[in-house]
Amino acid sequence: MTLEISHLTTQFGSVTAVDDISFTAKASEITTVIGANGAGKSSLLRTISGLEKPSSGSIKWNGRELIGLKPEAIVRLGVAHVPEGHAVISELTVAENIAMGGLFRRRKNRADLESASKEVYELFPRLEERRKQLAGTLSGGERQMLAIARALVARPQLILLDEPSLGLAPLVVEQIIATVNDLCRKTGLSVLLVEQNAITALGVADQGVLLSLGKVVADRPAKELRADATLRAAYLGY
Amino acid sequence: MNLFLSAFFSGTARGAIYAIVALGLVLVWRGAGIINFAQMGQAMFTTYIASTLIISGKSYWLAFVIALIAGAMLGALIDILVMRPLSRVHRAEALNSPAMKATIPVIASLGILGLLQALAGMFWVGQERGFPAPVAIEGLIVAGRKMPFTAFDIFTIAIVALVLVLTSLFFRKTGTGLAMRATALNQEVAKLSGIRTTQVRILSWIISGAASSLAGLLIAPSSILSPSSLDLILIIGFTAAVVGGLDSLPGAVLGGLIVGYVISFVNFYRSPEDIFLAILILLLVVLLVRPNGVMGSKQVRRV
Amino acid sequence: MFKKNMIRALFFAIAILLVGTFLDPYNQSQLSVALIIFIAVLSITLLTGASGQISLGQGALMAVGGYASALTILNFNLNLWLAIPIAVLVSALAGLLLGVTAARLSGPYLAGTTLVIALAIPSLANRFESVFAGEIGFSVDFGSSPAWLNKVIGDVPVEKWQLIVTVIFATIALFFALNILNTRTGRSWRALRDHDIAASLQGVNVGRSRIFIFMVTSAFAGMAGALYGLRGIVSPSVYAVSLSLSLLTAAILGGIRNISGAMIGSIIIVFLPDWIGAVTSRLSVPTRISDYLPALITGLLLVATVVLSPGGLSGSIHHKKHK
């Protein structure tokens, strides 16, 4: 279950947000895409999940081309995207948000859907307590958990996480990242983690892809990236 | 007192119908981002179909059901033939400003309205007809006293209440209902959750089409049926939807009732000629004081 | 620019008058109607095409102009050369009021509200019957051509006089429209259409600009409404909602983005029934079909235009030229 991206380019008008990017996210690993603000990280994820149309290149998931598919079709192939900004629907309750994530499986596999939602609640007990609450009333961390839970209930093989740490307290970030790490190690879920917070991301990732101005600057094991003082200084500023 | 009661009951029955009209408008607005000005054209067309069936000797209820189905189909057709191609076209066009994007579907829906009215004129020679009610439209007589409401008023209120309960159950309890709500609230998250938003869109048109047909069937007995006889109802329904809040389904119901009472009391206590003015004033006051309606979301929708 | 627009407008006037001399009286009066509609459509082109706002209430503003001119003519015994400017002023004021309420609305909200206005305003004539004479309305006319003109170019029949008057006002309207579109004002309007937030950052006062746009475009509609009434009767049914919708159709068919589109659309909307009539009478189509054929075809054209070529006829011609 690998995701192979080759020569992917996405443009918005005259701006090239994703510029000839190639890398591979291996199965059951955490691949992190790091880089400064505006490096094209979010646009990359949005292109993978079908929200943006690339101008060229290819995205192969298990050998199957994803480009040209609608977002709703890509989710059905097991690639779930948790967009930036704790994307939940605030006017719906916690339970409805989670149910929404599994809607498309409700006819084919009802039993598995039920166990999937049970697992999700076990993973995030805080959400279980707040089932009936509107998502808009949750704290930032809880909303991020809900966004991830909504994606997980679809039982994806690959999850695309966009800046889960954005605007959250360090303790909450640690907890969320630990949960994701656990999931990957225990269930074999592949993770493509986009982060501005490179220290945290490289801390759990197997492979690190460093972006700058839409291009890949480095694609190496996370350990090596962490150790490379030159790259750190030049692109990450720590 | 009797005048007050008459105005009240007539307002409730009228308001119930306007609630359905507003519901139809709100459904398409939430589901597709379009105010469908062709809606009462659709209603007029399907009411003519029902009327033709009844004239040819079929039962009221058969005509009733067929009209609802025809309304649903008409809604689907509008989405497939016009609105869907439209949303693809102007993505590439130069007329791509947010203001124009909101404007073009409105114009298309007006074109459809004209088209439906012309077709109705051709098929039914534009003749004005009456339309039967399944029960009496004269004042109901209970224990020898004439009541301030008619059997048809009660019929209308009952049908509308039933429809509202079913709609609310559908949206709250079913997966499809949840998918529709999610799509209306946040299309991107809905898509990422695997919801097929194009299907949700067409479903909004279908339900709205059936609702409009129902409104047409309920309004026709108390007016005449002609190709343009329901245009007014659209205006009233639009006002009701805005009063309630364009993106709120319960708001549509409340707005419908409010407008129903306003119209009925103006009609009973002043004169029918003041109705337009009353609607206009009501609409302007709501737009100025509470632009998102009584039950609309707080988020301001400007462009 | 100013001079160039003046020349263009004069050229337009001469061209129309030349065409007019070759037409029979019926078609002369139809051409006058097309010119009146053209003035009204200009108000939509400026409003929708230049600022992105949609109004379905232009017919109501025409009614304001029509009643204003009729009341001035009948009560103060003024001729149309004074009555029409007064009508223009009154409808500009009405537009100001409309603008104040509508400035914060946009898209479908504005469309719906203006549609309600289109219905409500003519009904005021029934509500205040003593002033506005209810359903019966007022009868007014273009009068006849002055004696000196008759001396210069020979007797001017009614239809021709009507054409001359409408050409004069249409030329004035065209001249103003050209100037508005090509000046700083026009550019700031378009900025408002395309990016209202960006426009406000560049110092365009969005609210005030919107109100101003409504006022100016209402003046156009008022002028058209006054002329429209002078054809005979000023009454609620003359300015029905269908008039507002016809105007919108004309604007869209021709092309909402430019002035030539307004002219093309107005000619289509006025002459289409005649053309269809000419065809159907030859083909002996039953009347129940031919009666509704113009409405059917305009509806179809309107939908087809927005789906296939939202720029309208003039837009698609323009587009091809630049390819």
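The model shown is predicted, which means the values in this text are computed figures rather than measured ones.

Rules used in this analysis
- Residues numbered from 1 in each chain as written.
- Chains lettered and ligands numbered in written order.
- Predicted model: local features only at pLDDT ≥ 70, side-chain atom pairs only at ≥ 80, totals over all residues.
- Heavy atoms only, no water.
- Helix = DSSP H or I, 4+ residues; strand = E, 2+ residues; numbered from the N terminus.
- Rg over C-alpha atoms; globule rule 2.2 N^0.38 Å.
- Salt bridge = Lys/Arg side-chain N within 4 Å of Asp/Glu carboxyl O.
- Buried < 20%, exposed > 50% of the residue type's maximum accessible area, 1.4 Å probe, protein only.
- Axes fitted to C-alpha atoms, helices over the stretch in contact; angles between N-to-C directions.
- Parallel < 35°, antiparallel > 145°, perpendicular 65-115°, else oblique.
- Left-handed = near helix turned anticlockwise from the far one by under 90°.
- Contact = heavy atoms within 4.5 Å.
- Expected span 1.5 Å × (residues − 1).
- Pairing = 2+ DSSP bridges.
- Buried area = accessible area lost by both parts, 1.4 Å probe.
- Nonpolar A, V, L, I, M, F, W, Y, C, P; charged D, E, K, R; others polar.
- Polar contact = N/O pair within 3.5 Å; in protein donor to acceptor, adjacent residues only side chain to side chain.
- UniProt positions renumbered as here; feature names shortened; annotations may be inferred.

Of regular secondary structure, chain B possesses eleven helices and two strands. Along chain B, from the amino end to the carboxyl end, the secondary structure elements read α-α-α-α-β-β-α-α-α-α-α-α-α. Here chain B has a C-alpha radius of gyration of 19 Å; the compact-globule value for 303 residues is 19 Å, and the two agree. For chain B, the C-alpha atoms occupy an extent of roughly 65 × 45 × 40 Å along the three principal directions.

Following the criterion strictly, the structure yields 18 salt bridges over all chains and no others. For Arg181 of chain B, the salt bridge identified is with Glu96 of chain A, shortest N-O distance 2.7 Å. Of the two residues, Arg181 of chain B is situated in helix 6 (residues 175-185) and Glu96 of chain A in helix 3 (residues 94-102); the pairing between them involves two chains. On the basis of relative accessible area, Glu96 of chain A is assigned to the buried category, the value being 17%. Across the pair Arg270 of chain B and Asp274 of chain B runs a salt bridge, and its minimum N-O distance is 3.0 Å. You can call Arg270 of chain B exposed: its relative accessible area is 56%. We classify Asp274 of chain B as buried; its relative accessible area is 8%. Through salt bridges with shared partners, one network takes in Arg105, Asp112, Glu119 and Arg155 of chain A.

Bringing the packing of helix 1 (residues 2-32) of chain B against helix 8 (residues 197-219) of chain B into the picture now. All names here are of chain B. The N-to-C vectors of helix 1 and helix 8 enclose an angle of 165 degrees; their axes lie 8 Å apart at closest approach. Judged by the inter-axis angle, helix 1 sits roughly antiparallel to helix 8. The chirality of how helix 1 crosses helix 8 is left-handed. Every residue of helix 8 that contacts helix 1 at Arg14, Ile17, Tyr18, Ile20, Val21, Gly24, Leu27, Val28, Gly31 and Ala32 is listed here: Arg201, Ser204, Trp205, Ile207, Ser208, Ala211, Leu214, Ala215, Leu218 and Ile219.

Bringing helix 12 (residues 241-254) of chain C into the picture now. Structural remark: α-helix, 3.6 residues per turn; residues separated by three or four positions point the same way. Residue and element names in this part refer to chain C. For helix 12, spanning 14 residues, the distance from its first C-alpha to its last is 20 Å, which sits close to the expected 20 Å at 1.5 Å a residue. The element helix 12 is extensively covered by neighbouring structure, given that eleven of its 14 residues are classed as buried. Every buried residue belonging to helix 12 is among Val241, Leu243, Ser244, Leu247, Leu248, Thr249, Ala250, Ala251, Ile252, Leu253 and Gly254, and all of these are buried. Following helix 12 by one or two positions, Gly255 adopts a phi angle in the positive range, close to 130 degrees.

Residues and elements named next belong to chain A. Both strand 1 (residues 3-12) and strand 4 (residues 56-61) contribute to a ladder of five bridges, which runs antiparallel. Bridge pairing links Ser6 to Ser58 in strand 4. With seven bridges joining them, strand 1 and strand 2 (residues 15-25) adopt antiparallel strand pairing. Along strand 2, the bridge assignment pairs Thr10 with Val18.

Further remarks concern unusual backbone geometry. One non-glycine residue, Leu213 of chain A, lies in positive phi territory at about 45 degrees. The topology assignment puts Leu213 of chain A in the loop between strand 9 (207-212) and strand 10 (215-221). Even without being glycine, Asn77 of chain C reaches a positive phi, approximately 60 degrees. With respect to the helices and strands, the residue Asn77 of chain C is situated in the loop between helix 3 (58-76) and helix 4 (80-102).

Our next topic: the arrangement of the chains. Out of two pairs of chains that touch, the pair holding the most contacts is chains B and C. Contact between chain A and chain C is absent, and the least distance between their C-alpha atoms amounts to 16 Å.

With that settled, the discussion passes to the interface of chain A and chain B. The interface is formed by 24 residues belonging to chain A together with 18 residues belonging to chain B. Across the chain A to chain B interface the summed buried area is about 1800 Å²; carbon plus sulfur atoms make up 61%. At the junction of chain A with chain B, the criterion picks out two salt bridges. Counting only elements with at least two residues in the side of chain A that touches chain B, the list comes to helix 2 (71-76) and helix 3 of chain A. Among the residues forming the side of chain A that touches chain B, the class breakdown is twelve nonpolar, three polar and nine charged.

A few words now on the interface of chain C and chain B. Listed as interface residues are 46 residues of chain C and, on the opposing side, 55 residues of chain B. Here chain C meets chain B over a buried area of about 4500 Å², counting both sides, of which 77% is carbon and sulfur. When residues of chain C are sorted by the area they lose upon contact with chain B, Pro108, Tyr109 and Tyr292 of chain C head the list and together hold 15% of the total. The tally of links from chain C across to chain B stands at zero salt bridges. Connecting chain C to chain B are zero residue pairs in polar contact (both at pLDDT 80 or more).

Here we take up the UniProt feature "transmembrane region" (unreviewed entry) in chain B. Residues and elements named next belong to chain B. Feature annotation in UniProt places "transmembrane region" (unreviewed entry) on residues 15-38, 59-82, 102-126, 147-171, 202-220, 232-263 and 275-293, given in this structure's numbering. Helix makes up 96% of residues 59-82 and strand 0%, and the two end C-alpha atoms of the span are 34 Å apart. Split by type, residues 275-293 is 79% helix and 0% strand. Its first and last C-alpha atoms lie 20 Å apart.

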